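# Reading the structure
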Amino acid sequence: MVALEPVLKKAYWTLASLGGVYAIFIIALLNPWIQHHALYAHKIHSGFWHDLNKPESFGFARNQVTPFNLSTPDGETLYCWHILPVDAYAAHEREIARAPAGPSDDFSTTIGYKLLRADPESHIVINFHGNAGHLAQGWRTSTYSSLASLPHTHTLACDYRGFGFSTGRPSEPGILTDGIALTHYALTSLAHPASRTVLLGQSLGTSVAAGVALHFSAPSTLDLPLSITRPAEALPPQSFAGIVLVATFPSLPELLTSYRIRGVVPVLAPLRPYPKIGKFVEKWIVDTWPTAARLTALVAAAKEGKLGLRLSVLHARDDPDIDWKLGEKVFEAMQKEMLRDGQVAQVEERRSVVGVERVSRGAFVYRAVEDVVVGVADEEGAEGKRGRFVELEVVRYGGHNRVVTYTPVLLAVKRAFASV
Ligand SMILES: *[C@@H]1O[C@H](CO)[C@@H](O)[C@H](O)[C@H]1NC(C)=O
């Protein structure tokens, strides 16, 4: 036998050791503790050099942000921010600047609460952030600033359990418990109607927003984990002004087969040629976040409960972490449910490779499916009767994270408030 050339030998061993490292990586991920840390990445954050209790250091005006603690029904304490809209701030600037600064144990004693309750036209956006970091990580604060520029629009954002200053450890039922607790707080303690509330999620936060929306639309749904701790007081089915999902994906196993950490490190993609090993590893995924299935249930529940539903899926074409085709898959799951039983109107505009076809919105793909609501002919008299409306907008720019701060997302939120 001819000896391998040294170069080939080196290449062989390099590849073999890469394979070995990858095997160790995958085996380690089978451990639930490591898996939770890898999935939620809640210990990777800048809290060591950023002070979340000094929102001014993130560019907010003095006391524009009120940090406060919120208790969940299962005994965790979530660290949250309330962000005042710029118009309310400008109208009460002196009073706001004189208010005591710093975190509050009880939001209802703060100036932010007072101004929110005093405005009969107030809107709330509940923001659900993605994995890793804390509520002021990366582009998240720019998202709040952007939302604060909308009139009357207050933003609520919390760190899920185990993230930032929040207590506990993250898990799918735990994070859903947190999202439900925050939304329930807005609807009950803040007495803010769902019809003036938008749920906004990005990345993993889209899965949280979807679960929260399903809980409030169909409180007895079987499509949420049974181990969620629900608030003691049950509410009748609610219809939000809108649900805006940015960079979403059908489920975690489906995401992992294409996901690249920071657009570079593949997670399960190398297993694609080995479907048996892939299937085996998938079975070990503890938190599967079946978002497309939950949204399908939401679309069905809205029909059954005669609740209006407005759902916008936005995705950047240049998202390096989550391919926009996964966002389109989520849209298609909901579209299928809408087509199953209803009279619907549809739009599909798609920029082709040759680039001739123009897309009215979203630059790349725009799709929508909508109930044809009988008996609501004139636009002005359409009050009170909202059918179901689901849209997909694939925008050209924004990547995975920054896209939430871009105007198309702001417009989706604004349209949702205007639709009610
Ligand atoms: C909020 O909760 C955390 C965790 O329980 C606690 O350390 C902190 O002191 C609380 N903040 C206030 C203002 O009560």
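Residues numbered from 1 in each chain as written. Predicted model: local features only at pLDDT ≥ 70, side-chain atom pairs only at ≥ 80, totals over all residues. Heavy atoms only, no water.

## Here's the deal with the UniProt feature "transmembrane region" (unreviewed entry) in the protein
The UniProt record marks residues 12–34 with the feature "transmembrane region" (unreviewed entry), using the residue numbering of this structure. Helix makes up 91% of residues 12–34 and strand makes up 0%, while its end C-alpha atoms are separated by 30 Å. (UniProt positions renumbered as here; feature names shortened; annotations may be inferred. Helix = DSSP H or I, 4+ residues; strand = E, 2+ residues; numbered from the N terminus.)

## Section: the state of the cysteines
This structure, assessed with the given rule, holds one disulfide. Between Cys80 and Cys158 runs a disulfide, and the two sulfur atoms are separated by 2.1 Å. Around the S-S axis, the bridge from Cys80 to Cys158 shows a dihedral of about 95° and counts as right-handed. In this pair, Cys80 is assigned in strand S2 (residues 77–83) and Cys158 in strand S4 (residues 153–158), connecting sequence segments 78 residues apart. Since its relative accessible area comes to 6%, Cys158 is described here as buried. (Disulfide = S-S within 2.5 Å. Buried < 20%, exposed > 50% of the residue type's maximum accessible area, 1.4 Å probe, protein only.)

## Overview of the site of the ligand
As a matter of local geometry, the ligand sits amid Asn69, Thr77, Pro103, Ser104, Asp105 and Thr167. Between Asn69 and the ligand, the recorded distance is 2.4 Å, taken from a side-chain N or O atom to an oxygen atom. In the environment of the ligand, an oxygen atom lies 3.0 Å from a nitrogen or oxygen atom belonging to the side chain of Asp105. Coverage of the ligand by the protein amounts to 48% of the 360 Å² it exposes when considered alone. The residue inventory of the shell around the ligand, partitioned by class, reads one nonpolar, four polar and one charged. (Near = heavy atom within 4 Å. Polar contact = N/O pair within 3.5 Å; in protein donor to acceptor, adjacent residues only side chain to side chain. Areas by Shrake-Rupley, 256 points an atom, 1.4 Å probe, with all protein chains shown as cover. Nonpolar A, V, L, I, M, F, W, Y, C, P; charged D, E, K, R; others polar.)

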